[in-house]
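# Residue-level structure breakdown
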Amino acid sequence: MVSLVRAELRKLLGLPTAWVGLVLGTLLAPVVVLLNAPYTRRAIAAGTLTDTSDLGLRDLGIGLIGPMVLGVIVVSSEYTSTGKDAPGARQLTATLTAVPDRLRLLAAKTTALVLVVAAQASVTAVVTLTLTQVLHGEHVPAPALTRVAAAVLYWTLTALLAYAIALITRNGIVPLTLLIINSSVVSVSYLLTKVTDLAAYLPDIVGARMFIRGADFPVAIAPVTAGLVMTAWVVALLAVGAVLFQRRDV
Amino acid sequence: MTTARAELRKLLTLPSLRRTALLTWAANLLLTFAYAAAESRGEPLGDDPALAPLGYTQAGFLVLGVLAAVSEYQEGDQIRTTLLAMPRRLPLQAVKALALAALTLPVAAATAATSSLPAGGAAWLPAATAYLTLTTLLGAAVAGVVRRAVPAVVLLLFVYVIAGPVLRARFGASAAYLPDTAAVDPSRGAAATITWTLAALTLAALTFGRRDA
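Residues numbered from 1 in each chain as written. Chains lettered and ligands numbered in written order. Predicted model: local features only at pLDDT ≥ 70, side-chain atom pairs only at ≥ 80, totals over all residues. Heavy atoms only, no water.

If you check an unreviewed UniProt entry, chain B appears there as ABC transporter permease from Micromonospora costi.

### Quick notes on the interface of chain B and chain A
It is common to give the size of an interface as the accessible area that goes away when the parts come together. As a reminder, the rule being used: Residues are treated as being in contact if the distance between any of their heavy atoms lies within 4.5 Å. The quantity reported as buried area is the accessible area (1.4 Å probe) lost by two parts once they are put together, taken as the sum for both. Think of a salt bridge as a Lys or Arg side-chain nitrogen and an Asp or Glu carboxyl oxygen that are within 4 Å of each other. Polar contact criterion, stated in full: a pair of N or O atoms within 3.5 Å, where within protein one must be able to donate a hydrogen and the other to accept it, and residues adjacent in sequence count only if both atoms are side-chain atoms. Strands here are runs of E lasting at least two residues and helices are runs of H or I lasting at least four, both read from the DSSP assignment and numbered beginning at the N terminus. Polar here means any residue outside two lists: the nonpolar Ala, Val, Leu, Ile, Met, Phe, Trp, Tyr, Cys and Pro, and the charged Asp, Glu, Lys and Arg; Gly therefore counts as polar.
With 32 residues of chain B at the contact, the number on the chain A side is 34 residues. Counting the surface lost from both chain B and chain A, the interface buries some 2,900 Å², and carbon and sulfur atoms represent 73% of this. At the junction of chain B and chain A, the tally comes to zero salt bridges. On the surface where chain B and chain A come into contact, there are one residue pair in polar contact (both at pLDDT 80 or more). At the level of elements, helix H2 (15-40), helix H3 (52-70) and helix H7 (149-170) of chain B are the ones that each hand at least two residues to the side of chain B that touches chain A. Looking at the side of chain B that touches chain A, the element that brings in the most residues is H7 of chain B, giving twelve residues. For the side of chain B that touches chain A, a count of residues per class yields 23 nonpolar, one polar and eight charged.

### Thoughts on the UniProt feature "transmembrane region" (unreviewed entry) in chain B
What counts here: UniProt positions are given in the numbering used here, feature names are shortened, and annotations may be inferred rather than shown by experiment.
Per the UniProt record, "transmembrane region" (unreviewed entry) is annotated on residues 21-38, 50-73, 94-117, 123-146, 153-178 and 190-209 of chain B. In residues 153-178 of chain B, helix accounts for 69% and strand for 0%; the two terminal C-alpha atoms are 18 Å from one another.

### Focus on unusual backbone geometry
Applied cut-off: Residue exposure (1.4 Å probe, protein chains only): buried if accessible area is under 20% of the type maximum, exposed if over 50%, otherwise partly exposed.
We note that Arg-170 of chain A has phi near 55°; this positive angle belongs to a residue other than glycine. Relative to the helices and strands, Arg-170 of chain A is located in the loop between helix H6 (145-169) and helix H7 (173-182). Judged by its relative accessible area of 30%, Arg-170 of chain A falls in the partly exposed class. Its identity as a non-glycine residue notwithstanding, Arg-147 of chain B has a phi of 70°, on the positive side. Inspection of the secondary structure assignment puts Arg-147 of chain B in the loop between helix H6 (125-146) and H7. Given a relative accessible area of 15%, Arg-147 of chain B falls into the buried group.

### As for the packing of helix H5 (residues 89-116) of chain B against H6 of chain B
Residue and element names in this part refer to chain B. This is how the line gets drawn: Here an axis means a line fitted to C-alpha atoms, over the contact stretch when the element is a helix, while the angle between two N-to-C directions is reported on a 0 to 180 degree scale. For classification purposes, angles smaller than 35 degrees are called roughly parallel, those larger than 145 roughly antiparallel, those between 65 and 115 roughly perpendicular, and all remaining angles oblique. The sense of a crossing depends on the near helix, which, turned anticlockwise from the far helix by less than a right angle, makes the crossing left-handed and, turned clockwise, makes it right-handed.
Between H5 and H6, the least distance of the axes is 8 Å, while the angle of their chain directions is 135°. By the angle between their axes, H5 is oblique relative to H6. Handedness of the crossing formed by H5 with H6: right-handed. Along the contact surface, H5 presents Ala-97, Leu-100, Ala-101, Thr-104, Leu-105, Ala-108, Ala-109, Thr-111, Ala-112, Ala-113 and Ser-116, while H6 presents Leu-125, Ala-128, Thr-129, Leu-132, Thr-133, Thr-136, Leu-137 and Ala-140. Here the residues of the contact of H5 with H6 sort into 13 nonpolar, six polar and no charged.

Right under this line is the structure:
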């Protein structure tokens, strides 16, 4: 299993698009904190920004494009054709020749993805929150370690969600488009919460409740419940993806 | 003329384009409904409901352009056959852009009408249709340079969905220079959209003319 995970890690980190996801995802949140710094200072000084406990943690959301790209290309890279001169050849054929047990392969892929995304999320969270402390330290309380851990968990679950959808669609474009649009400044899920309160239980909305306290929310959900609901979404989609992956032709 | 017909037929017979167009239109319908529902509940979502859904569904048009351009480079490398039949690359690139525009125009008009007519924004219809068509061409031009679907989609969506809104929110003056400002404010961003699209098409034509197929 260790060698499988090592192989999957090497395959993932050998993809140029993975590095786009890693660099973008890691740099975006700190850059936005830096860009926002003068505006945030003025808002704190003017008293318009009273609840500062989410500061920094809230900015992490913009970097989610990183885990989304990573989660999708772990799967989509297996399905794109390998070269111009062998149009029918896909990497998946070679992968399955090496590891015929499909569930073991999925377990290794999932582990590799979780390792990479958790590392990326930890680095990003530490850099972003340290930067927030340096810039606005006197006004912002240092966030509790559990909230930082919850943010890392949120990133990891988001990557797994992207990965599960890609397993179902076997194509990178559909999940990427859906998820990236939904990570925009005003997400579609957030719009839906204005239409029905049930939308509060969509994975991206409910997951953010694990570490964000802000009041702008229709239903009160405790952090642990929020984590469980998002995990349930991910587990359900992963189960569907795993069954399909197990049963479908290559 | 034959080339134009051939290119149109190639685009029309791509199942992925049909599916993208249909999904985009359906998503736009849903979003329009969400905006209308929020409005009727007395808590409007802030933006002009005639245009706001298009800010999301423009992603579908970017994907449409990417898929149209990348289809030549996917498995089997159709571009080699295409160039065998039509070796003059610059006219070919021009015909490709025109065929894609002709194909996109009705889809763009239908999508724009879905969200602008119920919200009483009929005056925006021509501008929104033109914007969505230009966005598709820009997507195709970028994908023509990148030649791979997933990286092209990541790049385009990053610019349109993440970088654009963040820059507009922090540096208001930058709005006039961003390609996606016209989606929310047609009168302000039109020039930028046209310039960016023409620049991307020129770049794509130049690289296509010089690069190995």
